[in-house]
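Each chain, letter by letter, is given below.
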Amino acid sequence: MMQPPDSPPSSEQQLMLRASALAGLTLGELADWAGVAVPQDFRREKGWTGQLIERWLGAEAGSRPEQDFPELGIELKTVPIDALGKPLETTYVCFAPLTGIAGQRWEQSNVRHKLARVLWLPVEGSRDIPPGQRRVGAPVLWSPNTDELLLLQQDWEELMDMISLGQVEQITARVGQVLQLRPKAANGKALTQAIGSHGQPIQTRPRGFYLRKNFTQNILLQHLYLSENPLA
DNA sequence: CCTTGATCATTT
DNA sequence: AAATGATCAAGG
């Protein structure tokens, strides 16, 4: 039986070694060995899988607005996949700034920084598989290529333009080719300040940036054909 | 309230 | 069946 590390990985290689060691194991095994109870479902513990994987890779717990491995400049994302390897959910990236965004540039945006380097860890997520029996897949270390970067930048600029023009209430999840903007809060009562259609301050639900499923799927698929040893 | 970890539940 | 909009928990 394995045991979770007690310190962050000292190198990218060590991180990948840790992640690769999880491939093929079930969430039940990882939970047992870490002394964590497995929930019947995720209705009341939606972040359970991500937090379990964080422990096994030695990420610092917490809600700091930073990368999971700041020393390595790497962000960790677990992604639920179906039997065919397709993402079952969009991927949350970060909150969207709704005020004080004049002159904000893509190059220095939170989205750009978060996605600079991501360690994707696919996990079986079909609801007909009990959480404890769901298997962890092989890790994929990814940085956006030129095409992906351009798509992300185009979407980010379109969304941020709408926000700065006071059109945040008109933004639906349909806007954006690969990046979308959706509510992100504890509930519908949470409100934050934004810009209204006449430039006046308004109260609206906080929003977050999410990656569409197809975009994430292409990342995982590319590695299937283009990486040296995708199954290692 | 904000940010982290995301999935749920209803609509389309 | 897929996508959108809503929601749950914990740390700060």
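Since the model is a prediction, treat every value here as computed from it, not as a measurement.

Trainee: Please clarify how the overall build of chain A should be interpreted in this entry.
Mentor: Of the regular secondary structure elements, chain A holds 6 helices and 8 strands. The C-alpha atoms of chain A give a radius of gyration of 19 Å, which matches the 17 Å a tight globule of 232 residues would have. Across its three principal directions, the C-alpha atoms of chain A cover 60 × 40 × 35 Å. Here chain A holds 232 residues, and 42% of them are scored as buried. Taking as baseline every contact in chain A between residues at least 6 positions apart, the subset at least 24 positions apart corresponds to 64%. Roughly 12,800 Å² of accessible area belongs to chain A as shown, and the carbon and sulfur atoms make up 49% of that amount. In chain A, the 23 positive side-chain charges and the 25 negative ones have mean positions that sit 8 Å from each other.

Trainee: Is there a simple way to explain the packing of helix H2 (residues 27-34) against helix H3 (residues 48-57) in this structure?
Mentor: When two helices pack together, their arrangement is given by the angle between the helix axes and by the axis-to-axis distance. Where H2 meets H3, the closest approach of the two axes is 11 Å, and the angle between their N-to-C directions is 60 degrees. In terms of axis orientation, H2 runs oblique to H3. When you trace H2 past H3, the crossing you get is left-handed. Taking contact as the criterion, the partners of Leu27, Leu30, Ala31, Trp33 and Ala34 in H2 are, on H3, Trp48, Thr49, Leu52, Ile53, Arg55 and Trp56. Residue composition of the contact of H2 with H3, by class: 9 nonpolar, 1 polar and 1 charged.

Trainee: I would appreciate a short explanation of the pairing of strand S6 (residues 192-195) in the present structure.
Mentor: Consecutive side chains along a regular strand alternate between the two faces of the sheet. Relative to strand S7 (residues 201-204), S6 is paired through 4 bridges, and the arrangement is antiparallel. Pairing of Ile195 across the sheet is with Pro201, part of S7. Once S6 ends, the chain turns through 5 residues before running back antiparallel as S7, passing Gly199 with a positive phi of about 85 degrees.

Trainee: I tried to follow the pattern of salt bridges on my own but got confused; where do I start?
Mentor: Note on pairing: side chains with opposite charge can pair once their charged atoms come close. Per the stated rule, a full pass over the model turns up 6 salt bridges. When the shortest N-O distance is used, the salt bridge between Glu75 and Lys77 registers 3.6 Å. A single burial state applies to Glu75 and to Lys77, both of which are buried. Salt-bridge contacts for Glu124 lead to Arg135; the nearest nitrogen and oxygen are separated by 2.8 Å. Linking Glu124 in strand S3 (residues 118-124) with Arg135 in the loop between S3 and strand S4 (140-142), this pair joins segments that are 11 residues apart in sequence. Exposure remark for Arg135: the relative accessible area of 45% places this residue in the partly exposed category.

Trainee: Is there a simple way to explain the protein's contact with DNA strand C in this structure?
Mentor: Around DNA strand C sit 17 residues in total, of which Arg44, Lys46, Ala173, Arg182 and Arg205 are the nearest. Backbone atoms, meaning sugar and phosphate, make up 59% of the atoms of DNA strand C lying within 4 Å of the protein. Here a phosphate oxygen of DNA strand C and a backbone polar atom of Ala173 are 2.8 Å apart. At a separation of 3.4 Å, a phosphate oxygen of DNA strand C approaches a polar side-chain atom of Arg174.

Trainee: For this particular structure, what's the right way to read the sheet that holds strand S8 (residues 207-211)?
Mentor: In a beta sheet, neighbouring strands pair by backbone hydrogen bonds and run either parallel or antiparallel. Strand order in the open sheet made by the 3 strands is S2-S8-S5, with antiparallel pairing throughout. Every interior strand has two partners, whereas the edge strands, strand S2 (91-95) and strand S5 (179-183), have only one. The average undirected angle you get between the axes of adjacent strands in this sheet is 35 degrees. Both S2 and S8 contribute to a ladder of 4 bridges, which runs antiparallel. Residue pairing for S8: Thr91 is matched across the bridge by Leu211. Relative to the sheet, helix H5 (residues 146-164) contacts S5 and S8, its axis offset from that of S5 by approximately 40 degrees.

Trainee: Help me understand the protein's contact with DNA strand B in this model?
Mentor: Residues in contact with DNA strand B amount to 25 residues; listed here are only the nearest, Thr78, Tyr92, Lys114, Lys184 and Tyr210. Among the atoms of DNA strand B lying within 4 Å of the protein, the sugar-phosphate backbone contributes 62%. Glu75 is positioned such that a nitrogen or oxygen atom in its side chain is 3.1 Å from a phosphate oxygen of DNA strand B. Residue Thr78 places a side-chain N or O atom 2.5 Å away from a phosphate oxygen belonging to DNA strand B. Elements represented by at least two residues in the surface near DNA strand B include exactly H3, strand S1 (75-81) and S2. Examining the composition of the surface near DNA strand B, we find that 4 residues originate from one element, S1, more than from any other.

Conventions used here
Residues numbered from 1 in each chain as written. Chains lettered and ligands numbered in written order. Predicted model: local features only at pLDDT ≥ 70, side-chain atom pairs only at ≥ 80, totals over all residues. Heavy atoms only, no water. Helix = DSSP H or I, 4+ residues; strand = E, 2+ residues; numbered from the N terminus. Rg over C-alpha atoms; globule rule 2.2 N^0.38 Å. Buried < 20%, exposed > 50% of the residue type's maximum accessible area, 1.4 Å probe, protein only. Contact = heavy atoms within 4.5 Å. Areas by Shrake-Rupley, 256 points an atom, 1.4 Å probe, with all protein chains shown as cover. Lys, Arg positive; Asp, Glu negative; His and termini not counted. Charge placed at Lys NZ, Arg CZ, Asp CG, Glu CD. Axes fitted to C-alpha atoms, helices over the stretch in contact; angles between N-to-C directions. Parallel < 35°, antiparallel > 145°, perpendicular 65-115°, else oblique. Left-handed = near helix turned anticlockwise from the far one by under 90°. Nonpolar A, V, L, I, M, F, W, Y, C, P; charged D, E, K, R; others polar. Pairing = 2+ DSSP bridges. Salt bridge = Lys/Arg side-chain N within 4 Å of Asp/Glu carboxyl O. Near = heavy atom within 4 Å. Polar contact = N/O pair within 3.5 Å; in protein donor to acceptor, adjacent residues only side chain to side chain.

Worth remembering: the numbers are spatial, not functional.
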